[in-house]
Amino acid sequence: MSVVAQPAVRSEASVARRERWRLLVRSPSFILGGTIILFWIACAILGNHITPYDPRFDQTPEIGVAPSWQHLFGTDRLGRDVFSRVLAGSRDILLIAPLATLLATLVGTTLGLITGYFKGIADDTISRVIDALLAIPLIVLAVTVVAALGSRSTWTVIIVIAAVFSPIIARTVRAAVLSEADLDYVEAARLRGERSPYVMFSEVLPNVMPPILVEATIRLGYAIFAVATLSFIGFGLQPPSPDWAVQIADNYQDLSFEWWTVLFPALAIASLVVAVNLVSDSVQQVLER
Amino acid sequence: MARYIAKRLGLALITLVLLSMIVFGASQLLPGDLGRSVLGRDATAEAVAEYNHEHGTDRSVVVQYLDWAGGVARGDLGRSLVPPEQPVWDVLRPALLNSLKLAIFAFCLVVPFGILGGVLSGLRAGKATDRTITVVGLSLAVVPEFVTGLVLILALSIWAGWFPVSAQWDPGSGPLTQVEHLTLPAIALTLVLFGYVARITRAGVIEAMDADYTRTAYLKGLPRKTVIRRHVLRNALLPTIAVIGTQVGYLLGGLVAIELLFNYQGIGLTVLDAAKLRDYTVLGAGVLIIGFTYVMVTLVGDIISALLNPRVRFSGSE
């Protein structure tokens, strides 16, 4: 994105971009994944307007009834309609996971640009710390930090997940920057006397966008995975949120007699992560061809 | 080669030291002090001060870290903060043994199935079989273990009645009963890891299929079966097995939710309980052991890969 316009190159790039987009919207896995994601986003936005019952506090006299036409997915032991709760359950996770991913992408990209561009001591130090952090599995690290902070607020969950993901993104960005740093355009910018931040963010960054985009969509899948798992083990979202994993954590002990209170939220989680995975897989296919 | 191994060992050591600092640092994030956090809001200032003095948490952070790290290096992990204040190692040892059983079982399932899937997919790269295995494998990999586990419990245990719901066997059970109890959690972990192993194998097979020696073997007139068995698989699988070792870290993380779901007292559930009870010595030691295992397994995997790869083996350094 240099200031001097280069019409020929620009149009060639935009043709390529349009071609990629065309390939993307034609791929069946992108369409399927995208449709499922849009459905859950719609549910998150519309919330209580489309649920047949109040997902949080509706105390119907029917406690723990099996699925029927009245209650498609049955009711839980507090008499709440499981179908309504499944529809309402996408809101929190669809807010937290993308926010955490965005934050991680911003921090990770900055770290990756710095380590890949400067190499040397900054690179070595940060890379070692990243290695050490990556030795602890995400969930274990998150549990440790949440326990240490002693707070289980939504922001804690977002920051913990972002903190765990940013080194992983940094590593990908670093690898991409390393392969760019020796190219002529970087040398040219340096010889022009541009300062390092300008070269990093205005020259190198646009050229490493595709791998960052791919990495971000992959991380989004894992962020949903992480939020769900943390909520299930009691370190993420808390009741009375109708979040799917919270519902499962609440009810899985009763699995043998009220299976509907667990199975439907579980299928909802599965549908969302698989949909995000289908989209990220097709983005990857298109960008890396 | 010796230089390569020495370098990797050095890096692993640095990683472990940093890891210990991170784990120790996390326990320092706690607002307020340890005595206040353990004894609660109502404790008197004297009681808190005495507790801190007794547990050494009134000293400077650096001294505390050196003391703790020195203890860990000598194999002394301290005592649990939660009554009955057992030695940490006594809490962690049985848990580690349990997790080890589950992890080994899961690995015995995932390695053959993953490799089979990867080979099928690599040999038919780009065809429908390949796409199906890849998409199904990666989709299963992103579904949280506890979701997969729940569906398995519901279908195979509650509805079909084939397996027990809990992974914890009665004390004194024989190995067969233990295997029966561990089958469902092991399958859940296997389903999650299948996609990764299949993907790594697939890449190895595709690379070997494109290699010159494979072309030569075909041109020599060898039948396809022989080429695949003798040239493709033999070259593709050995490095794959080394790379699979690096998935152990992932397995360790997946243990937390699975052990909770199946009520199985392994390292994951122990760490989780310690975090809930704010038992920082057990939590820190558990996290450190998990990290240590990961670093060691990755190291061994890297060294095996290097040993199998002549380019690394003969180049002296990296």
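Source: prediction; values computed, not measured. (Residues numbered from 1 in each chain as written. Chains lettered and ligands numbered in written order. Predicted model: local features only at pLDDT ≥ 70, side-chain atom pairs only at ≥ 80, totals over all residues.)

Chemist: Got a minute to help me understand the overall build of chain B in this structure?
Modeler: Secondary structure summary: chain B contains 14 helices and zero strands in total. Starting at the N terminus, the α and β elements of chain B follow one another as α-α-α-α-α-α-α-α-α-α-α-α-α-α. Once the C-alpha set of chain B is aligned to its principal axes, its extents read approximately 85 × 60 × 35 Å. Of all intrachain contacts in chain B linking residues separated by at least 6 positions in sequence, the fraction that spans at least 24 positions is 71%. (Helix = DSSP H or I, 4+ residues; strand = E, 2+ residues; numbered from the N terminus. Contact = placed C-beta atoms within 7 Å.)

Chemist: Which parts of the structure should I look at to understand the interface of chain A and chain B?
Modeler: By convention, interface size is frequently given as the accessible area that disappears when the constituent parts associate. In this complex, chain A contributes 39 residues to the contact, which on the side of chain B involves 41 residues. Breaking the side of chain A that touches chain B down by element, the ones donating at least two residues are helix H5 (120-134), helix H6 (138-149), helix H10 (209-232) and helix H12 (260-287) of chain A. Looking at the side of chain A that touches chain B residue by residue, the classes come out as 29 nonpolar, seven polar and three charged. (Nonpolar A, V, L, I, M, F, W, Y, C, P; charged D, E, K, R; others polar.)

Chemist: Would you explain the packing of helix H4 (residues 90-118) of chain A against H5(A) in this entry?
Modeler: Any two packed helices are characterised by how steeply their axes cross, that is the angle between the axes, and by the distance between the axes. Residue and element names in this part refer to chain A. One way to put it is that H4 packs onto H5 with a least axis distance of 7 Å and a crossing angle of 130°. It follows that H4 is oblique to H5 by the angle criterion. Crossing of H4 over H5 shows left-handed handedness. Seen from H4, the contacting residues are Leu111, Ile114, Thr115 and Phe118; seen from H5, they are Gly120, Ala122, Asp123, Ile126 and Ser127. Residues that form the contact of H4 with H5 fall into these classes: five nonpolar, three polar and one charged. (Axes fitted to C-alpha atoms, helices over the stretch in contact; angles between N-to-C directions. Parallel < 35°, antiparallel > 145°, perpendicular 65-115°, else oblique. Left-handed = near helix turned anticlockwise from the far one by under 90°.)

Chemist: Help me understand helix H1 (residues 2-28) of chain B, please; the structure alone is not making it clear to me.
Modeler: Each full turn of the α-helix corresponds to 3.6 residues, which orients residues three or four apart in the same direction. Taking 1.5 Å of rise per residue, the 27 residues of H1(B) would be expected to cover 39 Å, and the 39 Å separating its terminal C-alpha atoms lies within 8% of that figure. Considered for burial, the residues of H1(B) that qualify are B:Thr15, B:Leu19, B:Ser20, B:Ile22, B:Val23, B:Ala26 and B:Ser27. As for H1(B), its buried residues are in contact with H5 and H6 of chain A together with helix H4 (61-73) and helix H13 (280-308) of chain B. (Expected span 1.5 Å × (residues − 1). Buried ≥ 20, exposed ≤ 12 C-beta atoms within 10 Å, placed from the backbone.)

Chemist: What is the right way to look at the nonpolar core in this model?
Modeler: Considering soluble globular proteins, one finds that nonpolar side chains tend to be buried as a cluster. All names here are of chain A. Formed by 166 residues in total, the largest nonpolar core has its most connected members in Ala142, Ile161, Ile224 and Val227. Of the residues forming this core, the biggest block, 17 residues, is contributed by H12. Dropping the residues within four chain positions of it, alanine 142 is found in contact with Val160, Ile161, Val164, Ala226, Leu230 and Phe235. (Core = buried A, V, L, I, M, F, W, Y, C linked by C-beta atoms within 7 Å.)

Chemist: Please clarify how the confidence of the model for chain A should be interpreted in this entry.
Modeler: One rule of thumb: low pLDDT means the predicted coordinates there are not for detailed reading. In this model, chain A carries an average pLDDT of 83, and 95% of its residues clear a pLDDT of 70 or more. Confidence scores differ between elements of chain A, with helix H1 (residues 7-26) of chain A showing the lowest mean pLDDT of 73 and H4(A) the highest of 91. (pLDDT = per-residue confidence, 0-100.)

Chemist: Got a minute to help me understand the confidence of the model for chain B in this structure?
Modeler: Averaged over every residue, the pLDDT of chain B is 82; the share at 70 or more is 92%. Taken together, the chains of this predicted complex give a pTM of 0.84 and an interface ipTM of 0.82.

Chemist: So what exactly am I meant to see when it comes to H6(A) here?
Modeler: All names here are of chain A. Along its 12 residues, H6 runs 16 Å from first to last C-alpha, staying within 8% of the 16 Å computed at 1.5 Å per residue. The element H6 is largely enclosed, with a buried count of 11 among its 12 residues. Among the residues of H6, Leu138, Ile139, Val140, Leu141, Ala142, Val143, Thr144, Val145, Val146, Ala147 and Ala148 are the ones counted as buried. Positioned one or two residues after H6, glycine 150 has a phi angle of 70°, which is positive.

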